[in-house]
Amino acid sequence: MDFATVLHRMRPDLQRVEDRLLEETALEFPLVGDILRTLILAGGKRLRPLLLLLAAKPFRYDLDRLVPAAAGIELLHTASLIHDDSLDGASVRRGQPTLNALFDPSIVIMVGDYMFARSAMLAASTMNPRVLAVFARCLGSICDGQLRELFAARRTDVSLDDYQHRIYGKTASLFAGSAEIGAILAEAPDDQIELLRDFGGAMGMAFQIVDDVLDFRATEDEIGKPAGQDLRQGTVTLPILLFFNGKATTEERAFVEQVIAEGAPDDDALVRALQLIRTSGALEDALDYARRYVEDAKALLAGLPPTEGRDMLAAVADHALTRRL
């Protein structure tokens, strides 16, 4: 089974989630509501809600119970992107202007906070304490990951362990939480709830590593935001770490370290730094890391009942590796 087949078969259920999301954009401030609606409609393949639904598939699949939680997870993700864009000063996201590009920062932060609140209300509507606990943990992990990134900005002494902790918090924790919540609401056995949480976490790690590779490899049209953004902002990602550790000459490493620590003095310097990393083999090595995470995630699925839902989860894990490459 491939990812396109998964999306086709899950389209009616995902549409239920989409409809619930759009209800949350009915604000008393029409302009902000319209922008949020545009952001939601440009939201891609809904991987996190999809993961939540698919984690429930092998068990008691009750869409009425799952839809509010799936919508809440996607709103939590959207709120985190709003705050992320505000902190980064980003003007484009998913090919659309960000709230940050259109409003005063204080308004942007309040809108993000509102979306966090709405996502929490959706999670609370499940009336399940375990779901609320997972949701709260995800929110804390996202904030932890963002803080780690902020404090590591323009530092060149970032370790692989630092990087893995950061991306687990910022990205993988929400994939893990999505799968865990789906399994909880489907009344899966505890050991399989834990298995699905680990599956989501491994898949989320692969997803973020691929995202970091795409920041070097893809065009702005493909990723919906300026390419090379991590290097511009002095954020050390896995491709940069691998470049520093075995892929660069002493001179090349010193040059890229200076770009990270001090910022590129001009566009030519940024282009040179990007090109050095692109041609070093570091991107291919980073993808090998992502591939191993996907393999680990798929190996976990052997512990689930042999159902169509399990096959769909495997296809989604593969997609985390192959998207836009």
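The present account deals with the structure reproduced in this document. (Residues numbered from 1 in each chain as written. Predicted model: local features only at pLDDT ≥ 70, side-chain atom pairs only at ≥ 80, totals over all residues. Heavy atoms only, no water.)

## Details of the packing of helix H3 (residues 47–56) against helix H16 (residues 308–322)
As a packed pair, H3 and H16 sit with axes 10 Å apart at the nearest point and diverge in direction by 155 degrees. Overall, the two elements H3 and H16 adopt an arrangement that is roughly antiparallel. Seen from above, H3 lies across H16 with left-handed handedness. Each of Leu47, Leu50, Leu51, Leu54 and Ala55 in H3 lies in contact with H16, whose residues at this interface are Met312, Leu313, Val316 and His319. (Axes fitted to C-alpha atoms, helices over the stretch in contact; angles between N-to-C directions. Helix = DSSP H or I, 4+ residues; strand = E, 2+ residues; numbered from the N terminus. Parallel < 35°, antiparallel > 145°, perpendicular 65-115°, else oblique. Left-handed = near helix turned anticlockwise from the far one by under 90°. Contact = heavy atoms within 4.5 Å.)

## Some thoughts on the side chain of glutamate 24
Topologically, glutamate 24 is positioned in the loop between helix H1 (3–23) and helix H2 (30–41). A distance of 2.5 Å separates the side chain of glutamate 24 from the side chain of arginine 118, its partner in a polar contact. Sequence-distant contacts of glutamate 24, defined by excluding residues within four places in its chain, comprise Leu75, Tyr114, Arg118 and Leu122. (Polar contact = N/O pair within 3.5 Å; in protein donor to acceptor, adjacent residues only side chain to side chain.)

## Quick notes on the environment of glutamate 74
Note that glutamate 74 resides in helix H4 (residues 63–88). Spatially, the C-alpha atoms of glutamate 74 and leucine 21 are 8.0 Å apart, while their sequence positions differ by 53 residues.

## Regarding the nonpolar core
Membership of the largest hydrophobic core comes to 106 residues, with the highest contact counts inside it found for Leu50, Leu231 and Val256. Sorting elements by how many residues they give to this core places helix H9 (residues 190–217) first, with 14 residues. The contact partners of valine 256, leaving out residues within four places of it in the chain, are Leu231, Phe243, Phe244, Ala273, Leu276 and Ile277. (Core = buried A, V, L, I, M, F, W, Y, C linked by side-chain atoms within 4.5 Å. Buried < 20%, exposed > 50% of the residue type's maximum accessible area, 1.4 Å probe, protein only.)

## Focus on the state of the cysteines
Following the criterion strictly, the structure yields zero disulfides and no others. Cysteine 138 forms no disulfide, and the closest cysteine sulfur to it belongs to cysteine 143, at a distance of 11 Å. Cysteine 143 sits in the partly exposed class, given a relative accessible area of 39%. (Disulfide = S-S within 2.5 Å.)

## Regarding helix H6 (residues 105–124)
Since the α-helix advances by 3.6 residues per turn, residues separated by three or four positions end up pointing in the same direction. Along its 20 residues, H6 runs 29 Å from first to last C-alpha, staying within 8% of the 28 Å computed at 1.5 Å per residue. Along H6, the residues classified as buried are Val108, Val111, Gly112, Met115, Phe116, Ser119, Leu122 and Ala123. Projected down its long axis, H6 shows its buried positions confined to an angular sector of 145 degrees, all on one face. (Expected span 1.5 Å × (residues − 1). Arc of directions from axis to C-beta.)

## Some points on the pattern of salt bridges
Under the criterion given, the structure shown has 25 salt bridges. Glutamate 24 serves as the salt-bridge partner of arginine 118, at 2.5 Å between the closest nitrogen and oxygen. Taken together, the residues span a long stretch of sequence, with arginine 118 in helix H6 and glutamate 24 in the loop between H1 and H2 at a distance of 94 residues. Glutamate 24 gets classed as buried once you look at its relative accessible area, which sits at 4%. Glutamate 180 is the salt-bridge partner of arginine 197, the closest N and O atoms lying 3.9 Å from each other. Residue arginine 197 is located in helix H9, and its partner glutamate 180 is located in helix H8 (residues 160–185); the two are separated by 17 residues in the primary sequence. Assessed through its relative accessible area of 24%, arginine 197 is described here as partly exposed. Put simply, Arg137, Glu180, Glu194, Arg197 and Asp198 are held in one network by salt bridges that share partners. (Salt bridge = Lys/Arg side-chain N within 4 Å of Asp/Glu carboxyl O.)

## A look at unusual backbone geometry
Backbone geometry places methionine 127, a non-glycine residue, at a positive phi of 60 degrees. In this structure, methionine 127 sits in the loop between H6 and helix H7 (129–152). Exposure remark for methionine 127: the relative accessible area of 72% places this residue in the exposed category. A positive phi angle, near 65 degrees, is found at arginine 154, a position not held by glycine. Under the relative-accessibility criterion, arginine 154 is labelled partly exposed at 31%.

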